[in-house]
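Overview (structure and organization)
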Amino acid sequence: MGEQTTPYHLIGGEDKVRALANCFYDIMEQDPYASELLAIHPQPLDRIREVFFLYLSLWLGGPDTYQQQFGHPRLRARHLPFTVTPELKAQWMYCMRKAMLTTVDDMTLANRLLEALNTLADHMINTQ
Ligand code: HEM
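What you see is a predicted model; the values in this text were computed from it and never measured.

Focus on helix H2 (residues 13–30)
With 18 residues, H2 extends 26 Å between its outermost C-alpha atoms, agreeing within 8% with the 26 Å of an ideal straight helix rising 1.5 Å per residue. Among the residues of H2, Gly13, Val17, Leu20, Ala21, Cys23, Phe24, Tyr25, Ile27 and Met28 are the ones counted as buried. The inward-facing, buried residues of H2 contact helix H1 (7–11), helix H3 (35–39), helix H4 (46–59) and helix H7 (86–103).

As for the coordination of the iron atom of the ligand
Looking at the iron atom of the ligand, one finds just one donor atom contributed by the protein, His79 (NE2), at 2.0 Å. Topologically, His79 is positioned in helix H6 (residues 75–79).

Structural notes on the nonpolar core
Most often, soluble globular proteins keep nonpolar side chains buried together rather than apart. In this structure, Phe24, Met28, Phe52, Met96 and Met100 are the most contacted members of the largest nonpolar core, which totals 39 residues. Mapped by element, the contributors of at least two residues to this core are H1, H2, H3, H4, H7 and helix H8 (107–124). Residue contributions to this core peak at 8 residues, all from H2. Apart from the residues within four sequence positions on either side, Met100 is in contact with Leu20, Ala110, Leu113, Leu114 and Leu117.

Focus on the layout of surface pockets
Put simply, the largest pocket is a space of about 780 Å³. Residue assignment for the lining of the largest pocket shows that the elements contributing at least two residues are H2, H4, helix H5 (65–70), H6, H7 and H8. Sorting elements by how many residues they give to the lining of the largest pocket places H4 first, with 6 residues. The residue makeup of the lining of the largest pocket, split by class, is 23 nonpolar, 2 polar and 3 charged.

Quick look at unusual backbone geometry
Along the chain, Gln43 connects to Pro44 via a cis peptide bond; the corresponding omega equals -5°. Along the chain, Pro44 falls in the loop between H3 and H4. Within the chain, Arg74 stands out as a residue other than glycine whose phi angle is a positive 40°. As for its placement among the helices and strands, Arg74 is situated in the loop between H5 and H6.

As for the packing of aromatic side chains
In this structure the tally under the stated criterion is 8 aromatic pairs. Seen from their ring centres, Phe24 and Trp92 are 5.0 Å apart, and the 55° between their planes marks the pair as tilted. Pair noted here: Phe24 is in helix H2 and Trp92 is in helix H7, with a separation of 68 residues, a long-range link. By relative accessible area, Phe24 is classed as buried at 0%. Among the aromatic side chains, those forming a connected cluster through ring pairs are Phe24, Tyr25, Phe52 and Trp92. In this structure, Arg18 packs its charged tip against the face of Phe53, placed 4.0 Å from the ring centre.

How each quantity is defined
- Residues numbered from 1 in each chain as written.
- Predicted model: local features only at pLDDT ≥ 70, side-chain atom pairs only at ≥ 80, totals over all residues.
- Heavy atoms only, no water.
- Helix = DSSP H or I, 4+ residues; strand = E, 2+ residues; numbered from the N terminus.
- Expected span 1.5 Å × (residues − 1).
- Buried < 20%, exposed > 50% of the residue type's maximum accessible area, 1.4 Å probe, protein only.
- Contact = heavy atoms within 4.5 Å.
- Donors = N, O, S within 2.8 Å, 3.2 Å for Na, K, Ca; no water.
- Core = buried A, V, L, I, M, F, W, Y, C linked by side-chain atoms within 4.5 Å.
- 1 Å grid on protein atoms, 1.4 Å probe; cavity = no way out; pocket = protein on both sides within 12 Å on 5 of 7 lines; lining within 4 Å.
- Points joined across faces, edges and corners; volume = space filled by probe spheres on them.
- Nonpolar A, V, L, I, M, F, W, Y, C, P; charged D, E, K, R; others polar.
- Phe/Tyr/Trp six-rings, centres within 6.5 Å; stacked < 30°, edge-to-face > 60°.
- Lys NZ or Arg CZ within 6 Å of the ring centre and 35° of its normal.

If you want it as structure tokens, here you go:
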């Protein structure tokens, strides 16, 4: 994929991806529907806001700073210390859907990314 056609670029680059990550955690912090999801997150969220921004940048085809700093994502393994139930996955997707639709102007792209994230999130479930 050429640099100009990555989702990272199409979304609007660093500023937009950072806005998406921050909006995701703002919703998690503020919306009562996500209170259980918020509760399993180590506080304060400053560190995870930055790490998730770096991960999203990598996932969207942007800079690979996440990989340079933390190595291969191994996302499922990194989530094993936490109890991830279908209910928590639903809360995660709720926050991400709201953040995506707030941040990304291109609805077709937003929906395509949400579909891919939904598959990824299903894969994080480690407790029924
Ligand atoms: C399915 C429901 C999910 C739950 C309940 C969940 C929960 C968590 C929690 C509690 C942490 C630890 C936060 C911290 O260390 O401060 C974490 C880290 C993280 N999550 Fe999730 N997560 C979910 C799905 C996802 C998905 C779908 C992605 C990717 C798109 C993702 C990406 C990450 C990343 C990149 C980290 C940081 C890993 C690291 O320390 O390098 N998570 N998640």
